[in-house]
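Chain residues, written in single-letter form:
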Amino acid sequence: PATAKARATPALSSELRQWPVQLKLVPVRAQFFDGADLLVAADCAAYAYASFHEDFIKGKVTVIGCPKLDAGDYTEKLQAILTENDIKSLTVIRMEVPCCGGLSHAATEALRASGKFIPWRVVTVGTDGSIVQ
(Lines give C-alpha, C1' and ligand atoms only; values in the text may rest on other atoms or scores of the structure.)
Protein backbone atom coordinates (compact mmCIF):
# COMPACT_ATOMS: atom_id res chain seq x y z
CA PRO A 1 0.00 0.00 0.00
CA ALA A 2 2.76 2.53 0.83
CA THR A 3 4.59 1.71 -2.39
CA ALA A 4 1.34 1.92 -4.38
CA LYS A 5 0.73 5.42 -3.06
CA ALA A 6 4.31 6.42 -3.84
CA ARG A 7 3.85 5.27 -7.45
CA ALA A 8 0.52 7.10 -7.81
CA THR A 9 1.92 10.40 -6.48
CA PRO A 10 3.72 12.50 -9.07
CA ALA A 11 7.42 12.94 -8.38
CA LEU A 12 8.38 16.28 -6.87
CA SER A 13 11.46 18.14 -8.02
CA SER A 14 13.86 20.08 -5.89
CA GLU A 15 13.72 23.83 -6.47
CA LEU A 16 17.22 24.36 -5.08
CA ARG A 17 19.28 26.46 -7.52
CA GLN A 18 22.78 26.46 -6.03
CA TRP A 19 25.19 24.70 -3.69
CA PRO A 20 26.24 25.10 -0.91
CA VAL A 21 23.23 26.34 1.02
CA GLN A 22 24.64 26.53 4.54
CA LEU A 23 25.15 30.25 5.35
CA LYS A 24 28.51 29.54 6.97
CA LEU A 25 29.69 27.82 3.76
CA VAL A 26 28.41 30.02 0.92
CA PRO A 27 30.95 32.44 -0.50
CA VAL A 28 30.27 36.13 0.04
CA ARG A 29 30.60 36.82 -3.67
CA ALA A 30 29.13 34.31 -6.11
CA GLN A 31 27.61 34.49 -9.56
CA PHE A 32 24.42 32.80 -8.34
CA PHE A 33 23.74 35.84 -6.10
CA ASP A 34 23.71 38.33 -9.01
CA GLY A 35 20.15 39.45 -9.69
CA ALA A 36 18.86 36.95 -7.15
CA ASP A 37 15.90 36.97 -4.84
CA LEU A 38 17.58 35.81 -1.63
CA LEU A 39 15.91 33.40 0.77
CA VAL A 40 17.42 33.16 4.25
CA ALA A 41 15.79 30.22 6.00
CA ALA A 42 15.97 28.57 9.37
CA ASP A 43 17.25 24.99 9.13
CA CYS A 44 14.04 23.65 10.72
CA ALA A 45 11.63 25.52 8.46
CA ALA A 46 11.90 23.12 5.52
CA TYR A 47 11.03 20.22 7.81
CA ALA A 48 8.09 21.96 9.45
CA TYR A 49 6.48 23.51 6.34
CA ALA A 50 5.42 20.80 3.89
CA SER A 51 5.43 22.88 0.67
CA PHE A 52 8.70 24.65 1.42
CA HIS A 53 10.32 24.10 -1.99
CA GLU A 54 7.26 25.13 -3.98
CA ASP A 55 6.21 28.08 -1.80
CA PHE A 56 9.58 29.52 -0.78
CA ILE A 57 12.66 28.11 -2.56
CA LYS A 58 11.28 28.21 -6.11
CA GLY A 59 12.95 31.03 -8.04
CA LYS A 60 15.23 32.05 -5.18
CA VAL A 61 18.80 31.54 -4.08
CA THR A 62 18.62 29.85 -0.68
CA VAL A 63 20.89 30.06 2.34
CA ILE A 64 20.10 28.31 5.61
CA GLY A 65 21.26 28.52 9.18
CA CYS A 66 20.41 28.02 12.83
CA PRO A 67 21.38 30.79 15.26
CA LYS A 68 21.16 28.37 18.17
CA LEU A 69 23.48 25.73 16.69
CA ASP A 70 25.90 27.82 14.63
CA ALA A 71 28.60 29.79 16.41
CA GLY A 72 28.59 33.54 15.89
CA ASP A 73 26.22 36.05 14.40
CA TYR A 74 25.04 35.98 10.78
CA THR A 75 24.76 39.77 10.43
CA GLU A 76 28.26 40.40 9.07
CA LYS A 77 28.09 37.59 6.49
CA LEU A 78 24.61 38.59 5.31
CA GLN A 79 25.65 42.24 5.09
CA ALA A 80 28.62 41.27 2.93
CA ILE A 81 26.40 39.16 0.65
CA LEU A 82 23.92 42.03 0.29
CA THR A 83 26.66 44.61 -0.28
CA GLU A 84 28.81 42.60 -2.70
CA ASN A 85 26.02 41.28 -4.92
CA ASP A 86 23.02 42.54 -6.87
CA ILE A 87 20.33 41.08 -4.61
CA LYS A 88 16.79 42.00 -5.77
CA SER A 89 14.83 41.01 -2.66
CA LEU A 90 15.22 39.34 0.74
CA THR A 91 12.86 36.83 2.31
CA VAL A 92 13.52 35.40 5.76
CA ILE A 93 11.73 32.21 6.83
CA ARG A 94 12.02 31.61 10.55
CA MET A 95 10.34 29.34 13.04
CA GLU A 96 8.12 30.71 15.81
CA VAL A 97 10.55 29.54 18.51
CA PRO A 98 12.54 32.24 20.34
CA CYS A 99 15.97 31.12 19.14
CA CYS A 100 14.93 31.84 15.54
CA GLY A 101 14.58 35.52 16.38
CA GLY A 102 18.33 35.76 15.90
CA LEU A 103 17.98 34.84 12.24
CA SER A 104 15.43 37.53 11.39
CA HIS A 105 17.30 40.08 13.52
CA ALA A 106 20.59 39.36 11.72
CA ALA A 107 18.94 39.64 8.30
CA THR A 108 17.17 42.94 9.04
CA GLU A 109 20.32 44.42 10.61
CA ALA A 110 22.39 43.26 7.63
CA LEU A 111 19.93 44.85 5.22
CA ARG A 112 19.96 48.10 7.18
CA ALA A 113 23.78 48.15 7.33
CA SER A 114 24.11 47.38 3.60
CA GLY A 115 22.37 50.65 2.76
CA LYS A 116 20.25 48.91 0.12
CA PHE A 117 16.54 49.52 -0.26
CA ILE A 118 15.09 46.29 -1.61
CA PRO A 119 11.81 44.52 -0.93
CA TRP A 120 12.03 42.28 2.14
CA ARG A 121 9.76 40.24 4.37
CA VAL A 122 9.89 37.86 7.30
CA VAL A 123 7.63 34.80 7.35
CA THR A 124 7.18 32.89 10.60
CA VAL A 125 6.38 29.18 10.51
CA GLY A 126 4.71 27.53 13.49
CA THR A 127 5.99 24.28 14.98
CA ASP A 128 2.82 22.68 13.57
CA GLY A 129 3.84 23.69 10.03
CA SER A 130 1.40 26.57 9.67
CA ILE A 131 2.29 30.12 8.65
CA VAL A 132 2.01 32.21 11.82
CA GLN A 133 2.72 35.58 10.18
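As a starting point, this report considers the structure included with it. (Residues numbered from 1 in each chain as written. Predicted model: local features only at pLDDT ≥ 70, side-chain atom pairs only at ≥ 80, totals over all residues. Heavy atoms only, no water.)

Topic: the packing of aromatic side chains
Within this structure, the stated rule accounts for three aromatic pairs. With centroids separated by 4.8 Å and ring planes inclined at 55 degrees, the aromatic side chains of Phe32 and Phe33 adopt a geometry described as tilted. Its relative accessible area of 0% is what places Phe33 among the buried residues. Aromatic pair Tyr49 and Phe56: ring centres 5.2 Å apart, planes at 55 degrees, arrangement tilted. With respect to class, Tyr49 is no different from Phe56; both count as buried. These aromatic residues form a ring-pair network of at least three members: Tyr49, Phe52 and Phe56. (Phe/Tyr/Trp six-rings, centres within 6.5 Å; stacked < 30°, edge-to-face > 60°. Buried < 20%, exposed > 50% of the residue type's maximum accessible area, 1.4 Å probe, protein only.)

As for the nonpolar core
Counting 35 residues, the largest nonpolar core has Phe33, Leu38, Val40, Phe52, Leu78, Leu90 and Ile93 as the members making the most contacts within it. At the level of elements, β1 (37-42), α3 (52-57), β2 (61-65), α4 (75-84), β3 (89-95), α5 (101-114) and β4 (120-125) are the ones that each hand at least two residues to this core. Filtering out sequence-adjacent residues up to four positions away, Val40 remains in contact with Val63, Leu78, Leu90, Thr91, Val92, Ile93 and Leu103. (Core = buried A, V, L, I, M, F, W, Y, C linked by side-chain atoms within 4.5 Å. Helix = DSSP H or I, 4+ residues; strand = E, 2+ residues; numbered from the N terminus. Contact = heavy atoms within 4.5 Å.)

Notes on the sheet that holds β4
Ordered by their spatial adjacency, four strands build an open sheet running β2-β1-β3-β4, and the pairing between neighbours is parallel. The open sheet terminates on both sides in strands that have one partner only, identified here as β2 and β4. Neighbour-to-neighbour, the strand axes of this sheet turn through a mean angle of 20 degrees, independent of strand direction. Bridge count for β3 against β4 is six bridges, and the pairing is parallel. Of the residues in β4, the one forming a bridge with Arg94 is Thr124. (Pairing = 2+ DSSP bridges. Axes fitted to C-alpha atoms, helices over the stretch in contact; angles between N-to-C directions.)

A look at the side chain of Ser104
Looking at the secondary structure, you find Ser104 in helix α5. Judged by relative accessible area, which is 11%, Ser104 ranks as buried. With near-sequence residues (within four places) excluded, Ser104 lies in contact with Val92, Arg94 and Val122.

A short note on the side chain of Thr124
Of note, Thr124 is situated in strand β4. For Thr124, a relative accessible area of 8% corresponds to the buried category. Not counting the four nearest positions on each side in its chain, Thr124 is found in contact with Arg94, Met95, Glu96, Ser130, Ile131, Val132 and Gln133.

Focus: α5
Taking 1.5 Å per residue as the helical rise, α5 with its 14 residues ought to reach 20 Å, and the 20 Å between its terminal C-alpha atoms agrees with that figure. All buried positions along α5 are accounted for by Leu103, Ser104, Ala106, Ala107, Thr108, Ala110, Leu111 and Ser114. Looking at the packing, one finds that the buried side of α5 touches β1, β2, α4, β3 and β4. Just downstream of α5, Gly115 is the residue with a positive phi angle, here 75 degrees. (Expected span 1.5 Å × (residues − 1).)

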